[in-house]
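# Survey of secondary and tertiary structure
Letter by letter, the chains look like this.
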Amino acid sequence: MYFRRLTFALALLAAGAAGCSGGGGTPPAPRTPSPTPSAPAGVLQISQDPFVNPSTQHRTEVEPHLFAVGNTVVAAFQVGRSISGGSSDIGFASSFDAGATWTSGFLPAMTVVSTPPGPFDTVSDPVVAYDAAHAVWLIASLPVLFSNAPTPAVLVNRSSDGRNWSDPISVAPEQVASDKDWIACDDARTSPFYGHCYVEWDDPSALANGLIHMSVSADGGQTWSPPATTADRAQGIGGQPLVRPNGTVVVAIDDFNLARVLAFVSNDGGATWSATTVVSTIVDHADAGGIRSGPLPSAAVDGAGTAFVVWQDCRFRGGCAANDLVSSTSSDGVHWSGVARIPIDATTSTVDHFIPG
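Presented here is a report on the structure given in the accompanying data block. Please read all numbers here as calculations on a predicted model, not as lab measurements. (Residues numbered from 1 in each chain as written. Predicted model: local features only at pLDDT ≥ 70, side-chain atom pairs only at ≥ 80, totals over all residues. Heavy atoms only, no water.)

## Here's the deal with the state of the cysteines
For clarity, the cut-off: For this text, the term disulfide refers to a pair of cysteine sulfurs within 2.5 Å.
Taken as a whole and assessed by the stated rule, the structure comprises two disulfides. What pairs with C314 in a disulfide is C320, and their sulfur atoms sit 1.7 Å apart. Taking the sign of the S-S torsion, about -65° here, the bridge from C314 to C320 comes out left-handed. Disulfides within the protein chain link the bonded cysteines, taken in sequence order, as 1-2, 3-4.

Here it is, written out as structure tokens:
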């Protein structure tokens, strides 16, 4: 499939879906499973792949992302990864006591093996957000059809309780390809756009070559605006929207060639999007383990509205021999600080650092 990012958040391997509701149901009759390795000491197993369809690799749960509000934590992840891209379904695991105990299950009506079944072969790239204004949890993901027939660009499932999930809602009209979605909501009561949620993705098809798209919902994810592009119709991959307390949306993203980190903003609740500015060039080392990492960014915003973007970069190492994690910050999403090295170890270390989250 397309270039996928692994965003590590929690140990999201597995304790079955017993006691869960909202998707999943009873999977097909299982074949004889291989022994499940015991979890390391201190690691809580919160979900397990129940599927047996031969088209995907089982006992696998990958690409987790989570979001927390108070003591409630909701995580989402691929279940049953396909070598061709995507997974058998998107799993969820929710905790209402800050991670002490968990409820898990699977999103409904997504793929041909979901319960109830949906129309897609696989589904990928799950991301979680919470819309405080409408008191609703949202999981965004990408639908996949191996026939390359058009699909909705992004899917969003909704939940008012983190346990029971709606069937997927299409974010945008059908297109041939979409990749690297991300979702974030404006949860600041001080913002004039409180309750707006923003989805970003790119179109990696040959004609679009990574054209960046944004869509906005103002009703808790039930309906979404037509896709909009940046003012300069920029091409990119791996974007992550952030919302500052004043309602400004900042999106950090790589260009489509993974050569620069870019950023663009909206000051009007997603009605329009600025042209991109360059945060930094990227100097990247292919990690020694041959892992599919790449310098895709991870982004966050603090309570004061400062945006942070982090990526892997080898500029501080002699001969670009290994990657550090590096960062840049901005108070407006337009003007960014110089690149700073995160000092995890000495610059003489031969250890590679990658996939920040």
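## A word on the side chain of D287
Formally: Secondary structure elements are defined from DSSP: runs of H or I of at least 4 residues count as helices, runs of E of at least 2 residues count as strands, and each element is numbered from the N terminus. Using a 1.4 Å probe on the protein chains alone, a residue whose accessible area is under 20% of its type maximum counts as buried, one over 50% counts as exposed, and one in between counts as partly exposed. Charge convention: Lys and Arg are scored as positive, Asp and Glu as negative, and His as well as the terminal groups of each chain are ignored. One side-chain nitrogen of Lys or Arg within 4 Å of one carboxyl oxygen of Asp or Glu is enough to make a salt bridge. A 3.5 Å cut-off defines polar contacts: any pair of N or O atoms within that distance qualifies, except that in protein one atom must be a possible hydrogen donor and the other a possible acceptor, and neighbouring residues in sequence count only when both atoms are side-chain atoms. The contact definition used throughout considers only heavy atoms, calling two residues in contact when any of these lie within 4.5 Å.
Along the chain, the position of D287 falls in the loop between β17 (277–281) and β18 (298–301). For D287, which is buried and forms no salt bridge, the nearest opposite charge comes from R292, at a distance of 10 Å. Among the polar contacts made by the side chain of D287, one reaches the side chain of S293 at a distance of 2.7 Å. If near-sequence neighbours (up to four positions away) are discounted, D287 is found in contact with S293, D352 and F354.

## Quick notes on the environment of S94
Counting through the fold element by element, S94 comes out in strand β3 (residues 87–95). On the basis of relative accessibility, which here comes to 0%, the residue S94 falls in the buried class. The sequence separation of S94 and G162 amounts to 68 residues, and the corresponding C-alpha distance is 6.2 Å. Once residues lying within four places of it in the same chain are set aside, the contact partners of S94 are V73, V74, T101, W102, T103 and G162. A polar contact is formed between the side chain of S94 and the backbone oxygen of G162, at a distance of 2.6 Å.

Any functional reading would require information that these geometric values do not contain.
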